[in-house]
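Listed below, chain by chain, are the residues.
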Amino acid sequence: VRMASPCVSGPVASVNGMIYSSFVRLCFLFTSLLPCTLAAPAITHHQDLPLIYFGVDYYPEQWAKEMLDEDMYRIKHELGADVIRIGEFSWHLIEPHNGHFDFSFWDHVLERAKFHGLKVMFGTPTATVPAWLAKTYPEIMGADWNRQTRSFGGRRQYSFNSVYVSFNSVCAENLALSILMFSRR
């Protein structure tokens, strides 16, 4: 089994580095086994509501638009999943320029998910900052263990002690409003 190295920051990682690293690897191993155990029919606690949903992370923004329906069909019918988790790395799509929000791509994805009978968990799209934000506010980039400023292009490379928090809030609020408007159609 090949595992990605976790990006860990903060005092917990430095105090118990080896123990933490082993714990993370154990968690990755455990979660890699979950799809096998959750693929069984949903256990219900109420006749209409499943207690457990089986889902997958799905990044349709990384693939050709023509693949969307086939992907969702296969997720639902071949994999047997009920839920897709989307959006957490898509800030650049949602706000391509400061203050300009465009949800058309995700509206289409939500429409297709509904058509295919998939539920959606929409992650807050702030795990990666858009290029315009890092360029306009270079202080947004966090520092590594050696206090070297991180370069743009990775996950969670921002600093919470910067304007990131206020831009993050505006993006999340606009997303929530967009989803609310979508759900009322």
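Structure: above.
The model shown is predicted, which means the values in this text are computed figures rather than measured ones.

Asks: Explanation requested: the overall build of the chain in the structure shown.
Replies: A count of helical and extended segments in the chain gives seven helices and five strands. Mapped from its N terminus to its C terminus, the chain presents α and β elements in the order α-α-β-β-β-α-β-α-α-β-α-α. Here the chain, with 185 residues, has 29% of them falling under the buried criterion. Once local pairs closer than 6 in sequence are excluded, the contacts in the chain between residues at least 24 apart make up 65%. As displayed, the chain has an accessible area near 12,500 Å², and 59% of this comes from carbon and sulfur atoms.

Asks: Got a minute to help me understand the packing of aromatic side chains in this structure?
Replies: By convention here, two paired aromatic rings are described through the distance between centres and the angle between planes. Under the defined criterion, the tally for this structure stands at seven aromatic pairs. Aromatic pair Tyr59 and Phe89: ring centres 5.7 Å apart, planes at 45 degrees, arrangement tilted. Taken together, the positions of Tyr59 in the loop between strand 3 (55–57) and helix 3 (68–79) and Phe89 in the loop between strand 4 (83–86) and helix 4 (91–94) put the pair 30 residues apart, joining distant regions of the chain. Pairing Trp106 with Phe122 gives two aromatic rings, centres 5.2 Å apart and planes at 75 degrees, and the pair type is edge-to-face.

Asks: Got a minute to help me understand the pairing of strand 4 in this structure?
Replies: Two faces make up the sheet, and in a regular strand the side chains alternate between them. Strand direction decides the pairing type here: strand 3 and strand 4, joined by three bridges, are parallel. Bridging from a neighbouring strand, Gly55 pairs with Val83 of strand 4. Once the chain exits strand 3 it traverses helix 3 before rejoining the sheet at strand 4, and the crossover so formed is right-handed. Sheet topology places strand 4 next to strand 5 (residues 119–122); four bridges connect them, and they run parallel. Along strand 5, the bridge assignment pairs Ile84 with Val120.

Asks: Is there a simple way to think about the sheet that holds strand 3 in this case?
Replies: As summarised here, the arrangement of the three strands in space is 3-4-5, forming an open sheet in which the pairing is parallel. Each edge of the open sheet is held by one strand with a lone partner, namely strand 3 and strand 5. For this sheet, the mean inter-axis angle between neighbouring strands, taken without regard to orientation, is 25 degrees. Strands strand 4 and strand 5 of the sheet are contacted by helix 5 (residues 104–115), whose axis makes an angle of about 170 degrees with strand 4.

Asks: Quick question: what am I supposed to make of the pattern of salt bridges here?
Replies: Side chains that carry opposite charge are capable of pairing whenever their charged atoms lie near each other. One pass over the structure, following the stated rule, counts four salt bridges. Measuring nitrogen to oxygen at the nearest pair gives 2.8 Å for the salt bridge that ties Asp69 to Arg112. Of this pair, Asp69 sits in helix 3 while Arg112 sits in helix 5; the two residues are 43 residues apart in sequence, bridging distant segments of the chain. Classification of Asp69 as partly exposed rests on a relative accessible area of 33%. The salt bridge involving Arg74 is made with Glu78; its shortest N-O contact spans 3.0 Å.

What counts and how
- Residues numbered from 1 in each chain as written.
- Predicted model: local features only at pLDDT ≥ 70, side-chain atom pairs only at ≥ 80, totals over all residues.
- Heavy atoms only, no water.
- Helix = DSSP H or I, 4+ residues; strand = E, 2+ residues; numbered from the N terminus.
- Buried < 20%, exposed > 50% of the residue type's maximum accessible area, 1.4 Å probe, protein only.
- Contact = heavy atoms within 4.5 Å.
- Areas by Shrake-Rupley, 256 points an atom, 1.4 Å probe, with all protein chains shown as cover.
- Phe/Tyr/Trp six-rings, centres within 6.5 Å; stacked < 30°, edge-to-face > 60°.
- Pairing = 2+ DSSP bridges.
- Right-handed = clockwise from strand over helix to strand, strands pointing away.
- Axes fitted to C-alpha atoms, helices over the stretch in contact; angles between N-to-C directions.
- Salt bridge = Lys/Arg side-chain N within 4 Å of Asp/Glu carboxyl O.

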